[in-house]
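# A look at the structure
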Amino acid sequence: MNCAEEIPTTTTAECTIVLVGNPNVGKSVLFSKLTGKYVTVSNYPGTTVEIASGKTTIGGEHFAVLDTPGVNELAARTGDAGVTCDVLRDYPDAVVVQVADAKNLRRALLLTLQLAEFRRPQVLVLNMMDELDGCGGHIDAARLSELIGVPVVPTIATAGTGIEQVRESLDEARVPSIRMEAGHETRSYAETAAYLRRANEILSQVYTRVRPSKPTFAQKLGWWATDPVKGSVILLAVLYFTFWFVGLVGAGTAVGFLENVVFGRYINPWAIRAADVILPFPHTHEYVRSDYKFEIPLTPAGGILLHQSSRDILAPTYSLDSSATLGWWTQVRRLAHDFLVGQYGVITTALSYALAIVLPIVTTFFLVFSILEDSGYLPRLAIMVNRAFRWMGLNGKAVLPMVLGLGCDTMATMTTRILETRKERVITTLLLALSVPCSAQLGVLLAMMASVSFGAAVFWLLLNVVIMIAVGWLAGRLIGGPSSDFILELPPMRRPQLSNVFVKTFARLEWYLKEVIPLFLLGTAILFVLDKLNVLTRIARLGEPLVTGWLGLPKETATAFLVGFLRRDFGAVYLLDAATGPHATLTPHQVLVAMVTITLFMPCIATLFMISRELGKKTALWITVFIFPFAFFMGGLVNQIGRLCGW
Amino acid sequence: MAGRMKTKPPQYLHCSLCGFEFEKRDTVCAHGCPLGRFCKLVRCPNCQYEFPERPELLGLVHRMFHRPKPRPSPPGSLPLSELNEGESSELVCLNCAQRSRSDVLAVYGLVPGSLVILQQKRPAFVVRVGETELALESDIAREILVKRLVAQ
C-alpha cells in the first residue's frame, strides 16, 4: 500500500506499522528482525507496559515500526490492551501487522476479528510455522487470506524465514473483508463467544491436523514440571541451580574478586591517592590486610581452591597528623576528600557497593532468569507454589519477585509492578522487606550459622517461614482491595536460545543500573551527612538500652544494626566478627538472636526508597513503622524465651 | 513514545438494588450536587439507585469472616473440578461470581460448546482448550460447568 496516495494531507510523514498480537507469539523477534533493534520484553503477564519503536526501509519508503504489548483481546479492561487500543487510535493511518502463533490460530482469529473493527489495512503473519509442522498441523494460508481478505504470510521469525515476504506484503495490506457487528468499548462474554464461533467456522475451512502427534520431549517436560511429585523434584533442582549460580558463583566468587581485588586493591587505593593529590590536607591513611581466595564453589561451606593471595592495601580510614591545625579551606578540602573517598565516600562506598557487590549478583541472576523465562518454566513454577502463596493472600504469580528478593530486595521491590492489584503489591513488598533476606544478608547469615548448632539454624529457618506466612495471612485479611484471579496461560517449553538470553540479560542490566545506582548514591550521601553530623552515634546511643536489655546483645551491636540498615555489609561484617572472628564475643544464643533480628530488619535504605517510589510515601512509612519494632520484638522474644529455657 | 504507563486496577461494586456489577469510576453523579467529592454515595449506572459504599470497618470484618456461598448449577452439568484427570468435556456455561472473570476466561476460548480437557488437578488445575494450556485455581474450576464426554 502506498501511504502517500491514501492520505494526501500527510505526504511528508512516514508510514507507521503497528505490530499487534497475543502474548508470546514472537512479536518482538519480528520487530528486531524488521528494525535491527532489540527490545526487552518480558513475557510474564502484566509487566510494565512499554512501547518500543524503531525504523525500517521497505522499497525506498521509510516506515516507523511500533511494537505493542501482547494482548489477548482489544478490550480496555487490562492495561496492556488499553495501551494497544490507544496506539491504534493515535495512528489512524498505520498498517496493522498482526502476529499470530500458527499453532493457536483460533485465538489469533479472535483478535483478527476485533482488529477488523478498526477498519485499517492489515496483514496477518503466521509465525512459528516450524512448531506447527512439529505438532502435525497444516494451515491453508491462501484460503485463509481469501476468507478474511488480508494477506497472510507464514514465517519462522527466529530463523529469519519469511521476513522478506512480510516486507513485500505491506504493499498489499488491505482492510479485512470479514466483519462482525459493531463492537463495543468493553467486550462482553457473549460477544467473545460469538467471535469465537466465527473463528471456529474459519478454522474448519483452513486448518487440518495430518496425524495425531506424539508428545515431544519438551511437551513431556512441560507436563512433568507441573506434576505434584516430578514437578517438586524439578523445582528443587531449579532452585538449587539458581542458588548455586547466583548465591555462590555470583555473590561469592564474582563479588569476592571484584570487591577484594578490583576495587579493594586497585580502584579504591588509586582513587584515594588521586584524591590526596588533588585535595591535600595533613593526614596518613591506614593500611589493612586483604586476604583473597579464588575458588570454584560447590557448597556454601567450601569449594575447590585455585588461588590464594594476601597483601596490605591502602584503606579509606586515616589519622590526622597531630601537630597540624586545619584552617577552614583545609577543612573544606577534607570534607570533599571524605565525600569522595572517605569511609562513606561516593567512590569507596557507593560505587564499589553498586558495581562490585550488587552488579555481579544481579548479572548472574538475570542470566538464570532469562534462561528460565525463555524456556517457559516460570508460569509452571507459579503453578507449583500457588497454593502456598494463597495462604499469604497472594497467588502464584508473586513467586517471581519473591525469588528475585533472594538476589536483591531493592530490585525485587521494583518488579512487584508485574502484580495486578495494589493489594498484592503491598503484601509482596512487605514480605520482601520483612523476611526475604537479600544475597548480602544471606551471605552473612550463612556464615553466622556456622557458629550455632544445626538445631538453631533449623529453628531460624522455620521461624522465618512461619513469620512470613503469618504476616502474609494477616496482611491479606487486613489490606483491602481485590486479589487477582489465578488464570495463567502455559506457553510451550522450548530450548532457550543463547543469543536471545544474552541480549535479554544485557538489556535488563542496563535498565537496572539506570534505576538502582542513583538510589545507592543517594543512600551513601545520607550516610555521609549523618556521619559528619554525628547523628549516627547519637541514635546508636539511644538504641543501646533496647539492644542490651531486650535483645541481650553487647552495646556495640546497636551501631552495627544502624549502619547495617544504611549499608548492609558494614553492619553485617561487624556482627560476623563478633560472632565468628578470632575474638568472638557473642555466645551461640546471642548469635541466634542477632540472626533473627537482622533477617527481619529492612534490608537497606535503597529498598526503603524503592518502596516509597513504588507504593507511595504513606505505605512506605507504614511498612517501616511495622518492620523495625517487629524485628526487635521477635529478636527479643527469642532472647527471653531462650533464657527461660536455659539455652 | 516509550513512556511507561501505569493503569489503576478497576474497583468493582455491586448495586444493592439490581445486583448490577460496575466499575467505581462509572458512578459520578450527573447533576451539580454541592457536596461534590465529599458525597459518599455511589450511583448504579443501570438503575440509577444511589447507595452508600460499604464502610471501611465493616469491609474489614467482612473480609475476615466471609466465606463465599456456592451458586446452584443448571441440571445435567457438573463443575469442572468434579472431572477426573484426563477426561474430556464440553463446556456448558460459566457460573462466575464476577462477570469480569468470565470475560477473561472467554478470551482463552472457554465459551459454551468448546471442548475442555482436564489435564491435571494438583497442585493447580490445568485444562486444555483447543491449543491453549491454561492453569486455573480450584475456585475458578468450580465455576466452570461442563458436560462429560464419553471417551471414544
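Conventions used here
Residues numbered from 1 in each chain as written. Chains lettered and ligands numbered in written order. Predicted model: local features only at pLDDT ≥ 70, side-chain atom pairs only at ≥ 80, totals over all residues. Helix = DSSP H or I, 4+ residues; strand = E, 2+ residues; numbered from the N terminus. Buried ≥ 20, exposed ≤ 12 C-beta atoms within 10 Å, placed from the backbone. Contact = placed C-beta atoms within 7 Å. Pairing = 2+ DSSP bridges. Axes fitted to C-alpha atoms, helices over the stretch in contact; angles between N-to-C directions. Parallel < 35°, antiparallel > 145°, perpendicular 65-115°, else oblique. Left-handed = near helix turned anticlockwise from the far one by under 90°. Nonpolar A, V, L, I, M, F, W, Y, C, P; charged D, E, K, R; others polar. pLDDT = per-residue confidence, 0-100. Core = buried A, V, L, I, M, F, W, Y, C linked by C-beta atoms within 7 Å.

Secondary structure assignment for chain A yields 25 helices and 11 strands. Looking at chain A as a whole, 45% of its 647 residues are labelled buried. By sequence separation, contacts in chain A at least 24 residues apart represent 76% of the contacts at least 6 residues apart.

When helices and strands are tallied, chain B shows three helices and 10 strands. Secondary structure elements of chain B occur, N-terminal to C-terminal, as β-β-β-β-α-β-β-α-β-β-β-α-β. Taking all 152 residues of chain B together, 25% fall into the buried category. In chain B, of all internal contacts separated by at least 6 residues, the share reaching a separation of at least 24 is 55%.

Here the focus is the sheet that holds strand β9 (residues 132–136) of chain B. A sheet is described by the order of its strands in space; here seven strands give the open sequence β11(A)-β9(B)-β8(B)-β7(B)-β6(B)-β10(B)-β5(B), paired in antiparallel fashion. Each having just a single partner strand, β11 (487–489) of chain A together with β5 (78–79) of chain B make up the two edges of the open sheet. Bridging between strand β6 (residues 88–94) of chain B and strand β7 (residues 115–120) of chain B involves three bridges; their strand directions are antiparallel. Bridge pairing in β7 of chain B links serine 88 of chain B to isoleucine 117 of chain B.

This paragraph deals with unusual backbone geometry. Going from arginine 122 of chain B to proline 123 of chain B, the amide bond is cis rather than trans, its omega being -5°. By the element assignment, proline 123 of chain B lies in the loop between β7 and β8 (125–129). Despite not being glycine, arginine 119 of chain A shows a phi value in the positive range, around 55°. Along the chain, arginine 119 of chain A turns up in the loop between α4 (105–116) and β5 (122–127). Even without being a glycine, methionine 128 of chain A presents a positive backbone phi close to 60°. Residue position: methionine 128 of chain A is located in the loop between β5 and α5 (129–134).

A separate point is the sheet that holds strand β4 (residues 95–101) of chain A. In a beta sheet, neighbouring strands are held together by backbone hydrogen bonds and run either parallel or antiparallel to one another. Residue and element names in this part refer to chain A. Here six strands make up an open sheet; going across it, the order is β2-β3-β1-β4-β5-β7 and the pairing mixed. A strand with exactly one partner marks an edge of an open sheet, and here the two such strands are β2 (52–58) and β7 (152–154). When the angles between neighbouring strand axes are averaged without regard to direction, this sheet yields 25°. Pairing between β4 and β5: six bridges, direction parallel. Residue pairing for β5: glutamine 98 is matched across the bridge by leucine 124. Sheet strands touched by α4: β1 (15–21), β4 and β5. Its angle to β4, the strand with the most contacts, is close to 165°.

Here the focus is helix α24 (residues 605–615) of chain A. Those residues of α24 of chain A that fall on the buried side of the exposure criterion are Ile605, Ala606, Thr607, Leu608, Phe609, Met610 and Ile611 of chain A. Two residues or fewer past α24 of chain A, glycine 616 of chain A is found with a positive phi of approximately 95°.

Residues and elements named next belong to chain A. In the contact formed by helix α16 (residues 422–435) and helix α25 (residues 617–645), the axes pass within 11 Å of each other and the chain directions differ by 40°. Here α16 is positioned oblique relative to α25, judged by the angle of their axes. For the pair α16 and α25, the crossing hand works out as right-handed. On α25, the residues touching Val426, Thr429, Leu430, Ala433 and Leu434 of α16 are Thr619, Ile623 and Ile627. Looking at side-chain class alone, the contact of α16 with α25 contains six nonpolar, two polar and no charged residues.

Right, let's talk about the confidence of the model for chain A for a bit. Residues and elements named next belong to chain A. Per-residue pLDDT for chain A averages 81, and the proportion of residues at 70 or more is 89%. For chain A, helix α1 (residues 3–6) is the element with the lowest average pLDDT, namely 38, and α16 is the one with the highest, namely 92. Overall, residues 41–49 carries pLDDT values under 50, and its contacts beyond four positions in sequence, including any with other chains, amount to 23 contacts.

Attention now goes to the packing of α16 of chain A against helix α18 (residues 454–478) of chain A. A packed helix pair is summarised by two numbers, namely the angle formed by the two axes and the spacing between the axes. All names here are of chain A. Axis separation between α16 and α18 bottoms out at 10 Å; the angle between their running directions is 155°. On the basis of the axis angle, α16 is roughly antiparallel to α18. Handedness of the α16/α18 crossing: right-handed. Counted together, Ile427, Leu430, Leu431, Leu434 and Ser435 of α16 and Asn464, Ile467, Met468, Val471, Gly472, Ala475 and Gly476 of α18 form the full contact between these two elements. In the contact of α16 with α18, the residues fall into eight nonpolar, four polar and no charged.

A general tendency of soluble globular proteins is for nonpolar side chains to be buried together. All names here are of chain A. Membership of the largest hydrophobic core comes to 183 residues, with the highest contact counts inside it found for Val18, Leu19 and Val125. When neighbours within four sequence positions are excluded, leucine 19 is seen to be in contact with Lys27, Leu30, Phe31, Val65, Leu66, Asp67, Thr68, Val97 and Val99. Grouped together as the second largest cluster of nonpolar side chains are six residues, Ala275, Leu314, Val341 and Ile347 included.

This brings us to the pairing of β9 of chain B. Within β9 of chain B, five of the five residues are buried, which leaves the element mostly enclosed by the surrounding structure. Of the two faces of β9 of chain B, the one carrying Thr132, Leu134 and Leu136 of chain B and the one carrying Glu133 and Ala135 of chain B are both buried. Here β11 of chain A runs beside β9 of chain B; their pairing, made up of three bridges, is antiparallel. When the bridges of β9 of chain B are listed, leucine 488 of chain A appears paired with alanine 135 of chain B. Relative to β9 of chain B, β8 of chain B is paired through five bridges, and the arrangement is antiparallel. Each residue of the ladder has a partner; that of arginine 128 of chain B, found in β9 of chain B, is glutamate 133 of chain B. Between the antiparallel neighbours β8 of chain B and β9 of chain B lie two residues, among them glycine 130 of chain B with a positive phi of about 60°.

We now examine the pairing of β2 of chain A. Residues and elements named next belong to chain A. Direction of pairing for β2 relative to strand β3 (residues 61–67): antiparallel, over a ladder of seven bridges. For serine 53, the partnering residue across the bridge sits in β3 and is leucine 66. Connecting β2 to the antiparallel partner β3 that follows it, the hairpin turn spans two residues, and glycine 59 within it adopts a positive phi of roughly 55°.

Residue and element names in this part refer to chain A. Within the secondary structure layout, alanine 433 lies in helix α16. Residue classification places alanine 433 among the buried positions, given that 27 C-beta atoms sit within 10 Å. Spatially, the C-alpha atom of alanine 433 lies 9.1 Å from that of isoleucine 611, the residues being 178 residues apart in sequence. If sequence neighbours within four positions are ignored, alanine 433 has contacts with Asp409, Met602, Pro603, Thr607, Ile611, Ile623 and Ile627.

The next thing to look at is the environment of threonine 348 of chain A. Within the secondary structure, threonine 348 of chain A sits in helix α12 (residues 346–375). Residues threonine 348 of chain A and alanine 271 of chain A, 77 residues apart in the sequence, show an inter-C-alpha distance of 8.2 Å.

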